[in-house]
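Notes for the structure review
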Amino acid sequence: MGEAVDAARVDARADLALLSHVLYYVPRVRWAATVARILEWVAPGGLLLVLLQDPGNACMRMVHHFTGHRFDLRELAGELAALPAGLVAGSGLDVVPACYRSRDLEETVMVAGFHLSVPGGPPVAREAVEAYVRRHFGDGEGGYAFRHDQHVLRVERGR
């Protein structure tokens, strides 16, 4: 069974660590502390990559519409300066373009439903998801498409 980040003991030091789509499951008030803890596992001069979806993309607008939740790494980037001196040597935010496409309504509704399964989010009726998909994700050619660009926060560990 996995341990909470705060309780995990990691003896190795990584040159590169990846925290991919994990922060959805961490209370927002714990993001900076979680990143600081993981940075302790990164070797001096190493890199931590933190990924979440761009909060302005079509997929995350749907998540906000149904759940009220919003996840934004730009806010975290601003908090990194308050971490203990020397832990963070620098950071930057990149965007990796991504788009989901399908000609199958059932598949698109299933994928959209998966994205709505954020912790603390209310259950969303399949019919409501289908109506949203039809209204917002139709591509005008009989298929469906929605952007889900990724934000990548690069955090360099201090030496």
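Just above, that's the structure.
None of the values given here were measured: they were computed from a predicted structure.

1. Quick notes on the overall build of the protein chain
Within the protein chain one finds five helices and six strands. Counting helices and strands in the order they occur from the N terminus, the protein chain gives β-α-β-α-α-β-β-α-α-β-β. Evaluated residue by residue, the protein chain yields a buried proportion of 45% over its 159 residues. Partitioning the intrachain contacts of the protein chain with sequence separation of at least 6 by distance along the chain shows that 80% fall at a separation of at least 24. Within the structure as shown, the protein chain displays about 8700 Å² of accessible surface, and the carbon and sulfur contribution to it stands at 55%. Treating the 17 positive side-chain charges of the protein chain as one cloud and the 19 negative ones as another, the clouds have centres 3 Å apart.

2. Observations concerning unusual backbone geometry
Residue His 21 is not a glycine yet carries a positive backbone phi of 60°. For His 21, the location among the structural elements is in the loop between strand S1 (14-20) and helix H1 (31-39).

3. A few points about the packing of aromatic side chains
To describe a pair of aromatic rings, one takes the distance between the centres and the angle between the planes. The full count for this structure, using the stated rule, is six aromatic pairs. Relative to Phe 71, the ring of Tyr 24 has its centre 4.9 Å away and its plane inclined at 90°; by these criteria the two rings are edge-to-face. Placement of the pair is Tyr 24 in the loop between S1 and H1 and Phe 71 in the loop between helix H2 (58-67) and helix H3 (73-79), with a sequence separation of 47 residues. Judged by relative accessible area, which is 12%, Tyr 24 ranks as buried. Arranged with centres 5.1 Å apart and planes meeting at 35°, the rings of Tyr 100 and Phe 146 form a pair that is tilted.

4. Side note on the environment of His 115
Along the chain, His 115 falls in helix H4 (residues 105-115). For His 115, a relative accessible area of 18% gives the class buried. Excluding its chain neighbours within four sequence positions, the residues that come into contact with His 115 are Gln 53, Cys 59, Met 62, Val 63 and Phe 146.

5. Considerations on the nonpolar core
Formed by 44 residues in total, the largest nonpolar core has its most connected members in Leu 23, Leu 48 and Leu 76. In this structure Leu 76 touches Leu 23, Arg 28, Trp 31, Ala 32, Val 35 and Leu 153, once residues within four positions along its chain are discounted.

6. Describing the pattern of salt bridges
Oppositely charged side chains can form a pair if their charged atoms are brought close together. Evaluation of the coordinates by the stated rule reveals ten salt bridges. The closest approach of N and O atoms between Arg 126 and Glu 130, which form a salt bridge, is 2.4 Å. Here Glu 130 and Arg 126 lie together in helix H5 (residues 126-136), a separation of four residues that amounts to about one turn. For Arg 126, a relative accessible area of 33% gives the class partly exposed. A cluster of three or more residues bridged by salt bridges with shared partners is formed by Glu 106, Arg 126, Glu 130 and Arg 134.

7. Examining the side chain of Arg 37
Following the sequence through the fold, Arg 37 ends up in helix H1. One polar contact links the side chain of Arg 37 to the main-chain carbonyl oxygen of Ala 8, over a distance of 2.4 Å.

8. Examining H2
With respect to burial, H2 is a largely interior element, seven of its ten residues being buried. Taken as a whole, H2 has its buried residues at Ala 58, Cys 59, Met 60, Met 62, Val 63, Phe 66 and Thr 67. Looking at the buried positions of H2, the neighbouring elements they touch are strand S2 (42-53), H4, H5 and strand S5 (144-147).

9. Section: the state of the cysteines
The tally for this structure, following the rule as stated, stands at zero disulfides. Take Cys 59: it sits in no disulfide, and the sulfur closest to it among the cysteines is that of Cys 99, at 11 Å. Note on Cys 59: relative accessible area 0%, which makes it buried.

How each quantity is defined
Residues numbered from 1 in each chain as written. Predicted model: local features only at pLDDT ≥ 70, side-chain atom pairs only at ≥ 80, totals over all residues. Heavy atoms only, no water. Helix = DSSP H or I, 4+ residues; strand = E, 2+ residues; numbered from the N terminus. Buried < 20%, exposed > 50% of the residue type's maximum accessible area, 1.4 Å probe, protein only. Contact = heavy atoms within 4.5 Å. Areas by Shrake-Rupley, 256 points an atom, 1.4 Å probe, with all protein chains shown as cover. Lys, Arg positive; Asp, Glu negative; His and termini not counted. Charge placed at Lys NZ, Arg CZ, Asp CG, Glu CD. Phe/Tyr/Trp six-rings, centres within 6.5 Å; stacked < 30°, edge-to-face > 60°. Core = buried A, V, L, I, M, F, W, Y, C linked by side-chain atoms within 4.5 Å. Salt bridge = Lys/Arg side-chain N within 4 Å of Asp/Glu carboxyl O. Polar contact = N/O pair within 3.5 Å; in protein donor to acceptor, adjacent residues only side chain to side chain. Disulfide = S-S within 2.5 Å.

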